[in-house]
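Spelled out, the chains give:
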Amino acid sequence: MDHTNHWYGHAHILAEYCGLDPAAPPPVRGVIQHGWNFAHGLGYGHVNDHSFTKLVWTDRNRRRGQVISWRDFYVIGAPFLYLMRLREQQIPEAEREGTIFYPFHGTAEYESVIGQHDRLIEQVQAVEQGPVTACLYYVEYDDPEIRGLYEDSGFRVITHGRRGQQWQGTDRFFLFRQLDELRKHRRVVSNRLTTALFYGVAAGCEPGIYGDPMEIQAKAGFDGTMLLEALWPEMFGEQVDLAAARATAAEELGADYVMSPDELRYILGWDEPWLESSN
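An account of the accompanying structure is given in this report. This structure is a prediction, so every number in the text was calculated from the model and none was measured. (Residues numbered from 1 in each chain as written. Predicted model: local features only at pLDDT ≥ 70, side-chain atom pairs only at ≥ 80, totals over all residues. Heavy atoms only, no water.)

### What to know about the overall build of the protein
Then, in step 1: Scanning the protein for helices and strands turns up 11 helices and 10 strands.
Then, in step 2: Residue burial in the protein is summarised as follows: out of 279 residues, 53% are buried.
Then, in step 3: A sequence separation of at least 24 residues applies to 64% of the contacts in the protein between residues at least 6 apart.
Then, in step 4: When the accessible surface of the protein is split by element, carbon and sulfur atoms take 49% of a total near 13,100 Å². (Helix = DSSP H or I, 4+ residues; strand = E, 2+ residues; numbered from the N terminus. Buried < 20%, exposed > 50% of the residue type's maximum accessible area, 1.4 Å probe, protein only. Contact = heavy atoms within 4.5 Å. Areas by Shrake-Rupley, 256 points an atom, 1.4 Å probe, with all protein chains shown as cover.)

Encoded structure:
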């Protein structure tokens, strides 16, 4: 199984949804899209090998992948939506408080971000009402200088966990923590259109995107901001139209493509009789 299927506990969540042991998910027949992007949903590591089955979140991802001659797609929706079905209990809207803030982050230890965190903190303090939780990706959380800026601001500073690499160090409860935190907050904001923003909207938060968008140092010169604002203008601003944002989040996460357990077991190659149920 491709090791990226374990990132953020995706394979573990899908195994639980299918009635299998979430602590030891079977090998997946294909590669699961692990995060949102504006192209075909798959990461750089899969660009040069397109012989695998691609388990993407939306039909848009399938269509864009086929434009570059990729084939063998299944559209299954985001694993986060399956987690939401597994954890349906909601915190009443009246109990939500404050804002959870996701600053743009690098994707690994070797990809650092260029930007002024102190200026971004000032913007968030000026706009948001009530307590602010700054959720840093583990790359920035492990950097005492960056983490210190957010701690000194008075924000509550957390991280959801580590994604792991080559089946080592995976925190399979990453998305569980993220869902729990999102359900506690009234708003979710970032300086970029990111996976976390769509998760937050799906979990019932009011979104906002503003501030210095920053950029990854290795990709300096193309931050994609103008493209993203042109394609998804309804997601940008300190305050946005909530109904429009919810419709976009549902589309980008593939809400219409979430499968039943039996369907998903078949697609993932988990319908073999030797796979014992965990129930």
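### Points about the packing of aromatic side chains
Then, in step 1: Enumeration according to the criterion identifies 11 aromatic pairs in this entry.
Then, in step 2: Aromatic side chains Phe52 and Trp70 sit 6.4 Å apart centroid to centroid with 70° between the ring planes, which places their arrangement in the edge-to-face category. Of this pair, Phe52 sits in the loop between β1 (31–32) and β2 (54–56) while Trp70 sits in the loop between α2 (59–67) and β3 (73–75), placing them 18 residues apart in sequence.
Then, in step 3: On the basis of relative accessibility, which here comes to 3%, the residue Trp70 falls in the buried class.
Then, in step 4: Here Trp57 and Tyr199 contribute two aromatic rings whose centre-to-centre distance is 6.3 Å and whose plane-to-plane angle is 35°, an arrangement assigned as tilted. You can see Trp57 sitting in the loop between β2 and α2 and its partner Tyr199 sitting in helix α8 (residues 195–202), a full 142 residues away along the chain. Each member of the pair Trp57 and Tyr199 is classed as buried.
Then, in step 5: Taken together, the aromatic side chains of Trp36, Phe198 and Trp232 make up a single cluster linked through ring pairs.
Then, in step 6: Over the ring of Phe52 we find Lys54; its NZ or CZ atom is 4.5 Å from the centre of that ring.
Then, in step 7: The side chain of Arg147 reaches across the aromatic face of Tyr141, ending 5.1 Å from its centre. (Phe/Tyr/Trp six-rings, centres within 6.5 Å; stacked < 30°, edge-to-face > 60°. Lys NZ or Arg CZ within 6 Å of the ring centre and 35° of its normal.)

### Structural notes on the pattern of salt bridges
Then, in step 1: Per the stated rule, a full pass over the model turns up 11 salt bridges.
Then, in step 2: The partner of Arg177 in a salt bridge is Asp171, and the shortest N-O contact between them spans 2.5 Å.
Then, in step 3: What makes Arg177 partly exposed here is its relative accessible area of 36%.
Then, in step 4: Each member of the salt-bridge network shares a partner with another, and the members are Asp59, Arg62 and Arg63. (Salt bridge = Lys/Arg side-chain N within 4 Å of Asp/Glu carboxyl O.)

### Remarks on the sheet that holds β2
Then, in step 1: Pairing in this open sheet of three strands is parallel, and the strands run β1-β2-β3 from one edge to the other. The open sheet has two edge strands, β1 and β3, and neither has a second partner.
Then, in step 2: Packed on one face of the sheet, α2 meets β2 and β3 and runs near 165° to β3. (Pairing = 2+ DSSP bridges. Axes fitted to C-alpha atoms, helices over the stretch in contact; angles between N-to-C directions.)

### Quick word on the packing of helix α7 (residues 174–184) against α8
Then, in step 1: Viewed as axis vectors pointing N to C, α7 and α8 meet at an angle of 55°, and their least axial separation amounts to 9 Å. Considered as vectors, α7 and α8 are oriented oblique to each other. Once α7 is placed against α8, the crossing between them reads as right-handed. Mapping the contact onto sequence places Leu175, Gln178 and Leu182 in α7 and Ala196, Tyr199 and Gly200 in α8.
Then, in step 2: For the contact of α7 with α8, a count of residues per class yields four nonpolar, two polar and no charged. (Parallel < 35°, antiparallel > 145°, perpendicular 65-115°, else oblique. Left-handed = near helix turned anticlockwise from the far one by under 90°. Nonpolar A, V, L, I, M, F, W, Y, C, P; charged D, E, K, R; others polar.)

### A short note on the nonpolar core
Buried together is how nonpolar side chains tend to be arranged in soluble globular proteins.
Then, in step 1: Formed by 58 residues in total, the largest nonpolar core has its most connected members in Tyr82, Leu175, Leu182, Leu193, Met235, Leu264 and Trp270.
Then, in step 2: Going through the elements one at a time, α1 (10–17), α3 (79–86), β4 (99–102), α5 (138–141), α7, α8, α10 (242–253) and α11 (261–268) are the ones with two or more residues in this core.
Then, in step 3: Once residues within four sequence positions are removed from consideration, Leu193 is found in contact with Trp36, Phe198, Ile209, Leu228, Trp232, Met235 and Phe236.
Then, in step 4: Core analysis: the second largest hydrophobic core is formed by 15 residues, Ala134, Ile146, Val157 and Met214 among them. (Core = buried A, V, L, I, M, F, W, Y, C linked by side-chain atoms within 4.5 Å.)

### Quick look at the sheet that holds β4
Note on sheets: strands pair through backbone hydrogen bonds, and any given pair is parallel or antiparallel.
Then, in step 1: Judged by pairing direction, the sheet is parallel, and its five strands sit side by side in the order β7-β6-β4-β8-β9 without closing on themselves. The outermost strands of the open sheet, each flanked by one partner alone, are β7 (156–158) and β9 (206–209). Taking the axes of each pair of neighbouring strands and ignoring which way they run, one obtains an average angle of 20° across the sheet.
Then, in step 2: Sheet analysis places strand β8 (residues 187–190) next to β9, joined by four bridges and oriented parallel. Along β9, the bridge assignment pairs Ser190 with Ile209.

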